Amino acid sequence: MVELKSSVEKLTGTQAWDLVQAGDAKIVDLRGPSDFAHGHPRGALSLPYSEKGLENRLRLLLEPQSSVILFVETPEKTEGALLQLSEGAFPVAGVLEESMKAWLDNGLPADVLAEVSVTQLAEAVSGGKIVVLDVREPIEWEMGHVPDALLVSLGTLRERLHELPQEAGITVICEAGVRSSAAASILQTHGFVGVANVPEGTAGYRNASLPLQFTEIDSDTE
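Residues numbered from 1 in each chain as written. Predicted model: local features only at pLDDT ≥ 70, side-chain atom pairs only at ≥ 80, totals over all residues. Heavy atoms only, no water.

Trainee: Would you take a moment to explain the sheet that holds strand E10 (residues 150–151) for this structure?
Mentor: Two strands in a sheet stick together by hydrogen bonds in their backbones, pointing the same way (parallel) or opposite ways (antiparallel). Taken in spatial order, the five strands line up as E8-E12-E11-E9-E10 in an open sheet, and their pairing is parallel. One side of each edge strand has no neighbouring strand; the edge strands of this open sheet are strand E8 (114–115) and E10. Bridge analysis of strand E9 (residues 131–134) against strand E11 (residues 170–173) gives four bridges, and the strand direction is parallel. Bridging from a neighbouring strand, valine 132 pairs with threonine 171 of E11. This element, helix H9 (residues 178–189), spans E9, E11 and strand E12 (196–197) of the sheet and lies at about 150° to E11. (Pairing = 2+ DSSP bridges. Helix = DSSP H or I, 4+ residues; strand = E, 2+ residues; numbered from the N terminus. Contact = heavy atoms within 4.5 Å. Axes fitted to C-alpha atoms, helices over the stretch in contact; angles between N-to-C directions.)

In structure tokens:
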């Protein structure tokens, strides 16, 4: 793994941003959803680190052969991420190991992602003042979802962005806040404004005994 890491360039924030601006790479933020929400490089995609399946999860966010810059918290996670991406489906243009504070101190563009609690979500839904996007899978949706939510699974989101309302802020939810963070980052990179994430997810919503709606997917529409 040491050899693998040494073959990948460590980038400063300025170098990473120059590559992004030139359209040569996309920043993939491997920090947790909460860290991403509190501040991330502009245009970054949220892909919280996991010890397995990172490449397959990245395929939901980007087309294969897209060059990526990894924004990582620790050298250990850098090693793990590089090992998982070693097959080359996503060429790694470099690794950004600077902190978010260093990014901001350099005056580089950043964004935040609003977070909404499940109680705030329920209040907004009951008032009809919110668009909720559920990015779980259909089988999860049928087990109960936020009333009047829209179902667009994360794996189909990029091809269905045109179906979503641009004029209203969208609050994204999944089961536990990880997929929804990724989906929200996709929306942000495509120009959607007023995007928010529900970090507690549907699990937290359900555990709070808040109203659920049950809707079966029409088996005839395939």
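Trainee: Looking at this structure, how should I read the side chain of serine 180?
Mentor: Position of serine 180 among the secondary structure elements: in helix H9. With relative accessibility at 0%, the residue serine 180 sits in the buried group. Not counting chain neighbours up to four residues away, the residues in contact with serine 180 comprise Val135, Val172, Ile173, Cys174, Asn197 and Val198. (Buried < 20%, exposed > 50% of the residue type's maximum accessible area, 1.4 Å probe, protein only.)

Trainee: What is the right way to look at the packing of aromatic side chains in this model?
Mentor: The way to describe two aromatic rings as a pair is by their centre distance and the angle between their planes. Under the definition given, this model contains one aromatic pair. Between tryptophan 17 and tryptophan 103, the ring centres sit 6.2 Å apart and the planes meet at 90°, which makes this aromatic pair edge-to-face. Here tryptophan 103 lies in helix H6 (residues 100–105) and tryptophan 17 lies in helix H2 (residues 13–21), a separation of 86 residues in the sequence. Here tryptophan 103 falls in the buried class, since its relative accessible area comes to 1%. (Phe/Tyr/Trp six-rings, centres within 6.5 Å; stacked < 30°, edge-to-face > 60°.)

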